[in-house]
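Structural characterization, general
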Amino acid sequence: GEREDGRPFKQRLLVVANRLPVSAIRKGEDSWSLEISAGGLVSALLGVKALEARWIGWAGVNVPDEIGQKALTKALAEKRCIPVFLDEEIVHQYYNGYCNNILWPLFHYLGLPQEDRLATTRSFQSQFEAYQKANQMFADVVNKHYEEGDVVWCHDYHLMFLPQCLKNYNPKMKVGWFLHTPFPSSEIHRTLPSRSELLHAVLAADLVGFHTYDYARHFVSACTRILGLEGTPEGVENQGKLTRVAAFPIGIDSERFIRALDLPQVKGHIKELQERFKGRKVMLGVDRLDMIKGIPQKILAFEKFLEENPDWRDKVVLLQIAVPTRTDVPEYQKLTSQVHEIVGRINGRFGTLATVPIHHLDCSLDFHKLCALYAVTDVALVTSLRDGMNLVSYEFVACQDKKKGVLILSEFAGAAQSLGAGAILVNPWNITEVAAAIDKALNMKSEEREKRHKHNFKHVTTHTAQEWAETFVSELNDTIDEAQLRTKQ
Ligand code: G6P
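The structure displayed is predicted, hence computed values, not measured ones.

**Topic: the site of the ligand**
The immediate surroundings of the ligand are formed by Arg19, Asp156, His180, Thr181, Thr325 and Arg326. Here the residues of the shell around the ligand are counted per class, giving no nonpolar, 3 polar and 3 charged.

**As for the sheet that holds strand β9 (residues 230-232)**
Spatially, 9 strands are ordered β5-β4-β1-β6-β7-β8-β11-β10-β9 in an open sheet, and the strand pairing comes out mixed. Looking at strand neighbours, the two that pair on one side only are β5 (81-84) and β9, the edges of this open sheet. The sheet shows a mean angle of 20 degrees between the axes of neighbouring strands, taken without regard to direction. Across 5 bridges, strand β6 (residues 151-155) lies against strand β7 (residues 174-178) in parallel orientation. Residue pairing across strands places His155 opposite Phe178, the latter belonging to β7. The sheet strands contacting helix α18 (residues 465-478) are β1 (11-19), β4 (51-58), β6, β7, β8 (207-210) and β11 (241-247), and the helix crosses β7 at an angle near 140 degrees.

**Thoughts on the sheet that holds strand β13 (residues 316-323)**
As summarised here, the arrangement of the 6 strands in space is β14-β13-β12-β15-β16-β17, forming an open sheet in which the pairing is parallel. The sheet is open, and its two borders are formed by β14 (358-361) and β17 (424-426), each paired with just one other strand. Neighbouring strand axes in the sheet, compared pairwise and without regard to direction, differ in orientation by 15 degrees on average. Alignment of strand β12 (residues 281-288) against strand β15 (residues 379-382), held across 2 bridges, turns out to be parallel. Along β15, the bridge assignment pairs Met283 with Val379.

**Brief notes about the nonpolar core**
If you look at the biggest cluster of nonpolar residues, it comprises 146 residues, and the most contacted ones within it are Val15, Val16, Val152, Phe219, Leu407, Ile408 and Ile438. Among the elements that line this core, the one with the most residues is helix α3 (residues 88-107), at 9 residues. With near-sequence residues (within four places) excluded, Leu407 lies in contact with Ala380, Val382, Ser393, Phe396, Val397, Leu419, Gly422, Ala423 and Asn456.

**Considerations on unusual backbone geometry**
Backbone geometry places Asp156, a non-glycine residue, at a positive phi of 75 degrees. As for its placement among the helices and strands, Asp156 is situated in the loop between β6 and α5 (162-169). A positive phi angle, near 80 degrees, is found at Asn390, a position not held by glycine. Taking the number of C-beta atoms within 10 Å as the measure of exposure, Asn390 has 24 and is therefore buried.

**So, the pairing of β7**
When you tally the buried positions in β7, you get 5 out of 5 residues, the bulk of the element. Residues Lys174, Gly176 and Phe178 line one face of β7 and the alternating positions Val175 and Trp177 line the opposite face, and both faces are buried. Taken together, β6, α5 and β7 constitute a β-α-β crossover, and its handedness is right-handed. Pairing geometry for β7 and β8, over 3 bridges, is parallel.

Cut-off values and rules
- Residues numbered from 1 in each chain as written.
- Predicted model: local features only at pLDDT ≥ 70, side-chain atom pairs only at ≥ 80, totals over all residues.
- Near = placed C-beta within 6 Å.
- Nonpolar A, V, L, I, M, F, W, Y, C, P; charged D, E, K, R; others polar.
- Pairing = 2+ DSSP bridges.
- Helix = DSSP H or I, 4+ residues; strand = E, 2+ residues; numbered from the N terminus.
- Axes fitted to C-alpha atoms, helices over the stretch in contact; angles between N-to-C directions.
- Contact = placed C-beta atoms within 7 Å.
- Core = buried A, V, L, I, M, F, W, Y, C linked by C-beta atoms within 7 Å.
- Buried ≥ 20, exposed ≤ 12 C-beta atoms within 10 Å, placed from the backbone.
- Right-handed = clockwise from strand over helix to strand, strands pointing away.

None of the figures reported here should be taken as evidence of function without further support.
What follows is the structure in structure tokens.
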């Protein structure tokens, strides 16, 4: 749209997420080096021309001193980012504790912490309080930067209290909340001690979004069963106020991946990789080293495949990129050593003097190397035990227009609903089934591969991150606020 003076009108969007899309490294008392991580969300919002996005979140570092905080705030402002400073104790209780040891596993159907039950139960309340406190700290920063007419978009399980905190400040603020993880069945959600408080806090938003229709339905039924509220096809009604609830499946900036494949350095990487793995089929896994990703199960399925197909042993290699994550949470530390043990055992069992069947890397790859890896892969293995959407599957498809490789995809990833027709869907817990899927994928004729790829490629290139963001924000703008409703009545 345009303003009266003819200049284009840009609506300001405040994007609030636990983590800012930058990594900050301290170089001196008052100097910082910043690196933008051009993840999906960033490129999605850059693509929406009618919006001017500002980011509010934690910079991922502890900055106890005022000089450091001032310098970081200034450096971040140039990138349109506004920091929320969290001290070590809050990070421990809110981020490591309540977010990643309680909510994250629960929302992925892994249940509440089982071991050391008493200790967890005892610290539960203090972690929950830290979670509320942290959410209030985010709200304070948002409120300080809010201007009339802005829309506020809150992201993910870290910030379920934020909609309520914001509406407490200003009931007229347009507030949306989007969950990037699954929302579990109400039978799972109701085990959470603070189940009702969280639902009420989210319902303060004007629009609540999920990746799939199933997650939205689970949320509405949790509100019905746990809070006794009425669920309608539009959302949830509470004392005459409607909170709109809907599905908005995310996508990727597919053009960015497709364009990268034409860059000389990416072509160079592709050539190197082809040389390196000549004569062998390449299977690829790219995951954060997280228990929801089903990495041990995937590797055990690959072992079973090698066991049953001796002819394939020197003709196939599995590259597993396992990006370290949340390394202060004990469950993640345990997983790392478990995966290392399994990989070591299998490489010992099937390796030769010349080569090993599994290349396991504990690191992330830069964007260009990642694109090259996607492009040379014959079979991608995305076998999450649960996953909100999983965009690795999308990125792989975007890079495969030449090769037309096969995607093996967990039926418990949100992406199964969009890429199911082109992928081989598996139950990741069933190792026999996954081993059979590997066999099928490696032997698939090119005609069938092409047909399957075409379906997925079309989906990935037409359901982009940009379209996702645009749709969410425009629906948020269309929600009728209570003040408006009251004047109508
Ligand atoms: C998931 C969550 C994101 C989170 C990301 C990385 O995708 O949905 O909110 O940012 O994991 O995890 P981290 O804990 O490092 O931010």
